[in-house]
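Chains, contacts and geometry: an overview
Read off the chains here:
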Amino acid sequence: MSANPFPPGFTPKSDFLRVLGERGYIHQCSDFEGLDAAACAGTLTAYIGFDATASSYHVGNLLVMMMLRRLQQAGGKPIVVMGGGTTKVGDPSGKDETRRLLTDADIAANIESLSHVFAKLLTFGEGPSDARMIDNDAWLSRFGYVEFLRKFGPHFTINRMLSFDSVKLRLDREQPLSFLEFNYMLMQAVDFLELNRRFGCSLQMGGSDQWGNIINGVELIRRIDQKSAFALTAPLIATASGAKMGKTAAGAVWLNADLLKPYDYWQFWRNTEDADVGRFLKLYTDLPLDEIARLEALAGAEINEAKKVLATEATALIHGREAAETAAGAARAAFEQGQLSSDLPTVEIARESLAGMSNTALMVAAGFAVSNGDARRQIAGGAFRIDGVKVTDANAAVAVSGSQAELRKGNSRKRLVIV
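Scope of this entry: the structure provided in the associated data block. (Residues numbered from 1 in each chain as written. Predicted model: local features only at pLDDT ≥ 70, side-chain atom pairs only at ≥ 80, totals over all residues. Heavy atoms only, no water.)

Here's the deal with the overall build of the protein
The criterion, for reference: Each helix is a run of H or I in the DSSP string that is no shorter than four residues. Each strand is a run of E no shorter than two, and both are numbered from the N terminus. For the exposure calls, accessible area comes from a 1.4 Å probe over protein chains only, and a residue counts as buried if that area is under 20% of its type's maximum, exposed if over 50%, partly exposed in between. The contact rule is simple, with two residues in contact once any of their heavy atoms fall within 4.5 Å. Only the protein chains shown count as cover for residues, with accessible areas throughout obtained via the Shrake-Rupley method and a probe of 1.4 Å.
Within the protein, the regular secondary structure consists of 19 helices and 13 strands. Counting all 419 residues of the protein, 51% fall into the buried class. Long-range pairs, those at least 24 residues apart, make up 71% of the contacts in the protein between residues at least 6 apart in sequence. When the accessible surface of the protein is totalled, it reaches about 18,800 Å², and 50% of it is carbon and sulfur.

Focus: unusual backbone geometry
Even without a glycine there, the phi angle at Q226 is positive, about 55°. Looking at the element boundaries, Q226 is found in the loop between α11 (211-225) and β6 (230-234).

Brief notes about the sheet that holds strand β3 (residues 77-83)
Quick reminder of the rule: A pair of strands is considered paired only if DSSP assigns at least 2 bridges between the two. To define axes, lines are fitted to C-alpha atoms, for helices over the stretch in contact only, and angles between the resulting N-to-C directions are given on a 0 to 180 degree scale.
Taken together, the six strands give an open sheet; going across it, the order is β1-β6-β5-β2-β3-β4, and neighbouring strands pair in mixed fashion. Across the chains shown, the open sheet's two edge strands, defined by having one partner strand only, are β1 (28-29) and β4 (132-135). In this structure, β3 lies alongside β4, joined through four bridges in parallel fashion. Each bridged residue has a counterpart across the sheet, and for M82 the counterpart in β4 is D135. Helix-sheet contacts for helix α4 (residues 104-121) involve β2 (45-51), β3 and β4, and the interaxial angle to β3 is about 160°.

Side note on a nonpolar patch on the surface
To keep it simple, the criterion reads: Each patch is built from residues lacking any salt bridge and having more than 30% relative accessible area; the joining distance is 9 Å for like charges and 5 Å for nonpolar side chains (Val, Leu, Ile, Met, Phe, Trp, Tyr). Each salt bridge in this description consists of a side-chain nitrogen of Lys or Arg and a carboxyl oxygen of Asp or Glu lying within 4 Å of one another.
The grouping of Y145, V146, L149 and F179 at the surface amounts to a nonpolar patch, some 430 Å² of accessible area in total. Per element, the largest residue contribution to the nonpolar patch is three residues, and it comes from helix α6 (residues 145-152). Take F179: its relative accessible area is 54%, and that puts it in the exposed class.

Brief notes about the environment of L114
By the secondary structure assignment, L114 is in helix α4. You can call L114 buried: its relative accessible area is 0%. When the C-alpha atoms of L114 and Y57 are compared, they prove to be 6.9 Å apart, with 57 residues separating the residues in sequence. Not counting residues within four places of it along the chain, the set of residues in contact with L114 comprises D51, A52, A54, S55, S56, Y57 and M82.

Some words on the pattern of salt bridges
Here the structure, examined in full by the defined rule, presents 17 salt bridges. Two residues, R223 and E219, come together in a salt bridge whose shortest N-O distance is 3.5 Å. Of this pair, R223 and E219 both sit in helix α11, four residues apart, which is roughly one turn of that helix. Ionic pairing is found between E313 and R321, a salt bridge with its closest N-O pair at 3.0 Å.

Considerations on the pairing of β2
Among the seven residues that make up β2, six are buried, leaving the element largely enclosed by the rest of the structure. Pairing geometry for β2 and strand β5 (residues 203-207), over two bridges, is parallel. What sits directly across from A46, in β5, is L203.

Points about the packing of aromatic side chains
For clarity, the threshold we go by: Whether two aromatic rings pair depends on their centres lying within 6.5 Å, for rings of Phe, Tyr and Trp, where Trp uses its six-membered ring; planes under 30 degrees apart make the pair stacked, over 60 edge-to-face, and the rest tilted. Two limits define a charge over a ring: the Lys NZ or Arg CZ must be within 6 Å of the ring centre, and within 35 degrees of the ring normal.
Applying the stated criterion across every chain yields a total of 16 aromatic pairs. With a centroid separation of 5.5 Å and an interplanar angle of 65°, the aromatic rings of F6 and F10 are classed as edge-to-face. In this pair, the class of F6 matches that of F10, namely buried. Over the ring of F143 we find R142; its NZ or CZ atom is 4.9 Å from the centre of that ring.

Topic: the nonpolar core
For the record, the criterion: Buried residues of nine kinds, namely Ala, Val, Leu, Ile, Met, Phe, Trp, Tyr and Cys, make up a nonpolar core once their side-chain atoms join them within 4.5 Å.
Among the nonpolar cores identified, the biggest contains 71 residues, and L62, L232, W269 and Y284 are the most heavily contacted of them. Ranked by the residues each element gives to this core, the list is headed by helix α3 (residues 59-73), at nine residues. Leave out the neighbours within four places in its chain, and L62 touches L121, L255, Y265, W269, Y284 and I318. Counting residues in each nonpolar core, the second largest holds 34 residues, with Y47, I134, F156 and A229 among its members.

Considering the packing of helix α13 (residues 277-284) against helix α14 (residues 289-296)
Relative orientation and spacing of two packed helices are given, respectively, by the angle between their axes and the distance between those axes. Operational definition: Roughly parallel covers angles under 35 degrees, roughly antiparallel covers those over 145, roughly perpendicular covers 65 to 115, and oblique covers all other angles. Note on convention: the crossing is left-handed when the near helix lies turned anticlockwise from the far helix by less than a right angle, right-handed when the turn is clockwise. All amino acids are sorted into three groups, where Ala, Val, Leu, Ile, Met, Phe, Trp, Tyr, Cys and Pro are nonpolar, Asp, Glu, Lys and Arg are charged, and the leftover types, Gly among them, are polar.
Across the interface, α13 lies against α14 with an axial gap of 9 Å and an inter-helix angle of 160°. As summarised for this structure, α13 and α14 are arranged roughly antiparallel, according to the angle between their axes. By crossing handedness, the relation of α13 to α14 is classed as right-handed. When α13 is examined against α14, the residues G278, L281 and K282 are found in contact with a partner set consisting of L289, I292, L295 and E296. Split into classes, the residues belonging to the contact of α13 with α14 amount to four nonpolar, one polar and two charged.

Just distances and angles here, no functional claims.
In structure tokens, the structure reads:
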């Protein structure tokens, strides 16, 4: 089971906090007792904000999305706030450089693309616990500059703003922080105030790096409307070896199928480190805890069965059950039965380009390495095979004569090269 995240002597009465605690979603809360009482008193409405800086979210964003799913499963009402307004400014949290400013058209296109993933995780509608999606541009862009300053500026001090990690860490690293970005935390606080007034939203959730921004909203609601509101954050997830969640040698693990095929998404979860299997089953699947405990207890080679369950269940949440089973079947055919499956990820290379191509260049083209140097290091370590033959010479020309070849990296990743 997950370590107890609650203060000594506190046991949650609400299903919402109990489940979040049992499954490992809780890092910090502004008021456990007050939030627990609010969750028990009726339908708890909570939100998380998502800026629209790209056309797809990645696995690193999935943890907080799952918190909204847990809220709805416990009878609460989730609000997904798409940051059409805040994206115009850019969140400085965790960044050393100012985000690229996007046009209104870019932001609208990103929101359209991003919104689809939430329909996989949440039920939207008009019911008491149905999710709602709203764009914060609806209120942020209506304010005039002087009006915004007069309404909200008196409730923030520069002294306090400079103490928050999103600002302090940037300045400590002697990286410039623009006045544009400095306003982001005010805008996020106003989001919480607006949602509290419009929908009775009393909880904002997010990653632990958002703690300061969320607390600003809690305090703004208290100061202006004299109401209670709550902050709840999740831990930032890293793998057992310390790698950032959702980052691989091939790049980000995207949630949109047009950027990452379901098969590759399945393989990402299949490659989970042994020590992470139980934790990830709790966070990223709906499996009951007793079944997770059984899978987590598997030892030796049997832990691979738990990884396959994790991969299939996590993939089903984002890409659907059919796509998950297809990916699992393709992996089984490719690795356990020695067959090449049409569902394997492919890379197409023109024959004239393949002529004289080095093994190093092929591994980079296949997405198995991020650079020539990375490919050479992996080849030296015996990581790659072409049609079952280990690649030993990084500079040798690729030995592919037919119309296709199987590339394998380690024991669990394959590509089909189409010539």
